[in-house]
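Next come the chains, spelled out residue by residue.
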Amino acid sequence: MTQPLAYIHPEAKIAHNVVVEPFTTIYKDVEIGEGTWIGPNVTIMEGARIGKNCKIFPGAVISAPPQDLKYQGEPSTATIGDNTIIRECVTMNRGTALDKNTTAVGNNCLVMAYVHIAHDCIIGNNVIIANSVQLAGHIEVQDHVFIGGATAIHQFVKIGAHSMVSGGSLVRKDVPPFIKAAREPLSYAGINSIGLRRRGYTNEQINDIQQVYRILFLNGLNYSAALEKIEMEIPSTVERDEILNFFRTSERGVIKGQGRDAS
């Protein structure tokens, strides 16, 4: 159902049961899946790919050109997965040729009001981003992450799966999976045990994760020595190996432990 006061470019591909409210503008080269609701005063620009059963609230601007002086108008996209909610005044820029030519938000996400998602960010599935979070370019947020309100995240940062970042944080380095991150400067604040239990992790799995992070953050070892100790002393599990791989592939470096510089 399209309101007469909305404008939809004739080349846009809109599923038959999408609702578009008044004063919304949809450019060409846009695709919107079935069951999606587009609220009033939304702007959806070229390159947007929006999934099924999404809700996009008033004032949102999806797939605007990147705020990057290196962008030369090359074709790129901004992708939103199925069942994702984009709240009021969210801005999501499309990608650039420097990376994968896309900015992406996964399935079953909630992006709250006034969030900015810059070019080439890749957001996983089941992610919650609270009000006024600001993501610079080329950030990766893995599955099941919660980011507290008014957090600012530096470009090229990676946030690991099942982690939780405290509101008002300044995120300058990578945040590894399964943890809570808080304080200033941002540092390890324990395992995200409540979130893990809600997602079906057993007490044994959670204890194994805690054991890994005790060695990484609380034993006084540098990261290289800690990773070697973990590999020798803790049996391989999916979670242990995910943590080791995260530390070894980090390009910006990982946040520190409690009360010490663990760089």
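No experiment lies behind these values; they were computed from the predicted model shown.

## A few points about the pattern of salt bridges
Pairing is possible between side chains of opposite charge, provided their charged atoms come close.
Right, on to step 1. One pass over the structure, following the stated rule, counts eight salt bridges.
Right, on to step 2. Across the salt bridge formed by Asp68 and Lys70, the nearest N and O atoms sit 3.1 Å from each other.
Right, on to step 3. On the basis of relative accessible area, Asp68 is assigned to the buried category, the value being 13%.
Right, on to step 4. A residue is classified by how much of its surface remains accessible, and Lys70, at 55% relative accessible area, is exposed.

## A word on the sheet that holds strand E17 (residues 122–123)
Right, on to step 1. Strand order in the open sheet formed by eight strands is E2-E5-E8-E11-E14-E17-E20-E23, with parallel pairing between adjacent strands. Whereas interior strands pair on both sides, the edge strands pair on one side only; in this sheet they are strand E2 (13–14) and strand E23 (158–159).
Right, on to step 2. Where strand E14 (residues 102–105) meets E17, two bridges bridge the pair, whose relative direction is parallel. The residue bridging Val105 from the neighbouring strand is Ile123, located in E17.

## Here we look at the UniProt feature "domain: UDP N-acetylglucosamine O-acyltransferase C-terminal" (unreviewed entry) in the protein chain
Right, on to step 1. UniProt tags residues 174–255 as "domain: UDP N-acetylglucosamine O-acyltransferase C-terminal" (unreviewed entry).
Right, on to step 2. Here residues 174–255 runs as 55% helix and 11% strand, with 6 Å between its end C-alpha atoms.

## Quick look at helix H3 (residues 223–233)
Right, on to step 1. Considered for burial, the residues of H3 that qualify are Tyr223, Ala226, Leu227 and Ile230. Along H3, the residues classed as buried sweep out an arc of 100° about the axis, all on the same side. Facing away from the buried side of H3, by more than 90 degrees, are the exposed residues Ser224, Glu228 and Met232.
Right, on to step 2. On its buried side, H3 packs onto helix H2 (203–218) and helix H4 (238–249).

## Section: the packing of H2 against H4
When two helices pack together, you describe them by how their axes are tilted relative to each other and by the distance separating the axes.
Right, on to step 1. Put simply, H2 and H4 touch, their axes get as near as 9 Å, and they point 30° apart. Here H2 lies roughly parallel to H4, going by the angle between them. Regarding H2 and H4, the two cross each other, and that crossing is right-handed. Taken together, the residues of H4 that come into contact with H2 (itself represented by Gln205, Ile209, Val212, Tyr213, Leu216 and Phe217) are Glu239, Arg240, Ile243 and Phe247.
Right, on to step 2. Within the contact of H2 with H4, the residues separate by chemical class into seven nonpolar, one polar and two charged.

Criteria and thresholds
- Residues numbered from 1 in each chain as written.
- Predicted model: local features only at pLDDT ≥ 70, side-chain atom pairs only at ≥ 80, totals over all residues.
- Heavy atoms only, no water.
- Salt bridge = Lys/Arg side-chain N within 4 Å of Asp/Glu carboxyl O.
- Buried < 20%, exposed > 50% of the residue type's maximum accessible area, 1.4 Å probe, protein only.
- Pairing = 2+ DSSP bridges.
- Helix = DSSP H or I, 4+ residues; strand = E, 2+ residues; numbered from the N terminus.
- UniProt positions renumbered as here; feature names shortened; annotations may be inferred.
- Arc of directions from axis to C-beta.
- Contact = heavy atoms within 4.5 Å.
- Axes fitted to C-alpha atoms, helices over the stretch in contact; angles between N-to-C directions.
- Parallel < 35°, antiparallel > 145°, perpendicular 65-115°, else oblique.
- Left-handed = near helix turned anticlockwise from the far one by under 90°.
- Nonpolar A, V, L, I, M, F, W, Y, C, P; charged D, E, K, R; others polar.

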